[in-house]
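So the chains spell out like this:
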Amino acid sequence: QVQLVESGGGLVQAGGSLRLSCAASGRTFSSYAMGWFRQAPGKEREFVAAIAWRGGREYYADSVKGRFTISRDNAKNTVYLQMISLKPEDTAVYYCADRVGSYIVKFSLPGSYDYWGQGTQVTVSS
């Protein structure tokens, strides 16, 4: 099993910044990629960003391109999401996710991931 521990969420004013962290433990040797998703009340879970452990290829949703940056620390098995210029519409519970095994068909699909963190609340006030 893989365990994911998230941190860094909180309350911030519009235009502010936050950095989320997701530390993976357990059978991480088989992990292929990590992703960030978010879900607001009454909304479907939506893709935010993803990164491959090998090579570091990054993928972003159009809504966050230029504002959010995903990065990884392979030695620490930790993935980060640096968020700047935050908007009220960024308010959601943010989840990190782990893909185990072979290549991903589509990084933006929640079903492409095998393990999920508990989520961390990000609230952006206007």
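Residues numbered from 1 in each chain as written. Predicted model: local features only at pLDDT ≥ 70, side-chain atom pairs only at ≥ 80, totals over all residues. Heavy atoms only, no water.

Colleague: How would you explain the overall build of the chain if you had to name every residue and give the values?
Modeller: Looking only at helices and strands, the chain features zero helices and eleven strands. Expected size for 126 residues packed as a compact globule is a radius of gyration near 14 Å; at 14 Å, the chain falls within 12% of this value. Viewed in the frame of its principal axes, the chain has a C-alpha envelope of about 40 × 25 × 25 Å. Relative to its 126 residues, the chain shows a buried fraction of 42%. In the chain, the share of contacts with a sequence separation of at least 24, taken over all contacts with a separation of at least 6, comes to 57%. With an accessible surface of roughly 6700 Å², the chain has 48% of that area assigned to carbon and sulfur atoms. (Helix = DSSP H or I, 4+ residues; strand = E, 2+ residues; numbered from the N terminus. Rg over C-alpha atoms; globule rule 2.2 N^0.38 Å. Buried < 20%, exposed > 50% of the residue type's maximum accessible area, 1.4 Å probe, protein only. Contact = heavy atoms within 4.5 Å. Areas by Shrake-Rupley, 256 points an atom, 1.4 Å probe, with all protein chains shown as cover.)

Colleague: Give a description of the nonpolar core that names residues and reports values.
Modeller: Note that soluble globular proteins tend to have their nonpolar side chains buried in a common cluster. Judged by nonpolar contacts, the single largest core of 34 residues is most densely connected at Trp36, Val48, Phe68, Leu81, Met83 and Tyr94. Those elements that place two or more of their residues in this core are strand E1 (2-7), strand E3 (18-26), strand E4 (31-39), strand E5 (46-52), strand E7 (68-73), strand E8 (78-83), strand E9 (92-100) and strand E11 (120-125). The residues touching leucine 81, leaving out its near neighbours within four places in the chain, are Leu18, Arg19, Leu20, Trp36, Val48, Ala49, Phe68, Thr69, Ile70 and Tyr94. (Core = buried A, V, L, I, M, F, W, Y, C linked by side-chain atoms within 4.5 Å.)

Colleague: For the sheet that holds E3, give the residues involved together with the corresponding values.
Modeller: An order of E1-E3-E8-E7 is seen for the four strands of this open sheet, with the pairing classed as antiparallel. Only two strands of the sheet have a single partner each, and these edge strands are E1 and E7. The mean inter-strand angle of the sheet, taken between neighbouring strand axes irrespective of direction, is 15°. Sheet topology note: the E3/E8 ladder contains six bridges and is antiparallel. The partner of serine 21 across the bridge, within E8, is tyrosine 80. (Pairing = 2+ DSSP bridges. Axes fitted to C-alpha atoms, helices over the stretch in contact; angles between N-to-C directions.)

Colleague: Which residues make up the environment of aspartate 62, and what values do they have?
Modeller: In this fold, aspartate 62 is placed in the loop between strand E6 (58-60) and E7. Look at aspartate 62 and you get exposed, because its relative accessible area is 66%. Along the backbone, aspartate 62 and alanine 49 are 13 residues apart, and their C-alpha atoms lie at a distance of 9.7 Å. Within the local environment of aspartate 62, its side chain forms a polar contact with the side chain of lysine 65, the two groups lying 3.2 Å apart. (Polar contact = N/O pair within 3.5 Å; in protein donor to acceptor, adjacent residues only side chain to side chain.)

Colleague: Let's hear about the state of the cysteines: which residues, and what values?
Modeller: Applying the stated rule across the entire model yields one disulfide. Sulfur-sulfur distance for the disulfide between cysteine 22 and cysteine 96 comes to 2.1 Å. Between cysteine 22 and cysteine 96 the disulfide shows an S-S torsion of about 60°. By sign, it is right-handed. With cysteine 22 in strand E3 and cysteine 96 in strand E9, the pair connects residues that are 74 residues apart, well separated along the chain. Exposure class is identical for cysteine 22 and cysteine 96. Each is buried. (Disulfide = S-S within 2.5 Å.)

Colleague: For the pattern of salt bridges, give the residues involved together with the corresponding values.
Modeller: Inspection of the entire model under this criterion finds four salt bridges. Among the salt bridges present, the one from aspartate 62 reaches lysine 65, with a minimum N-O distance of 3.2 Å. We classify lysine 65 as partly exposed; its relative accessible area is 49%. Here aspartate 90 ties to arginine 67 by a salt bridge, and the two come within 2.8 Å at their closest N and O atoms. Taken together, the positions of aspartate 90 in the loop between E8 and E9 and arginine 67 in the loop between E6 and E7 put the pair 23 residues apart, joining distant regions of the chain. Of the two residues, aspartate 90 and arginine 67, neither departs from the other in class, the shared state being buried. (Salt bridge = Lys/Arg side-chain N within 4 Å of Asp/Glu carboxyl O.)

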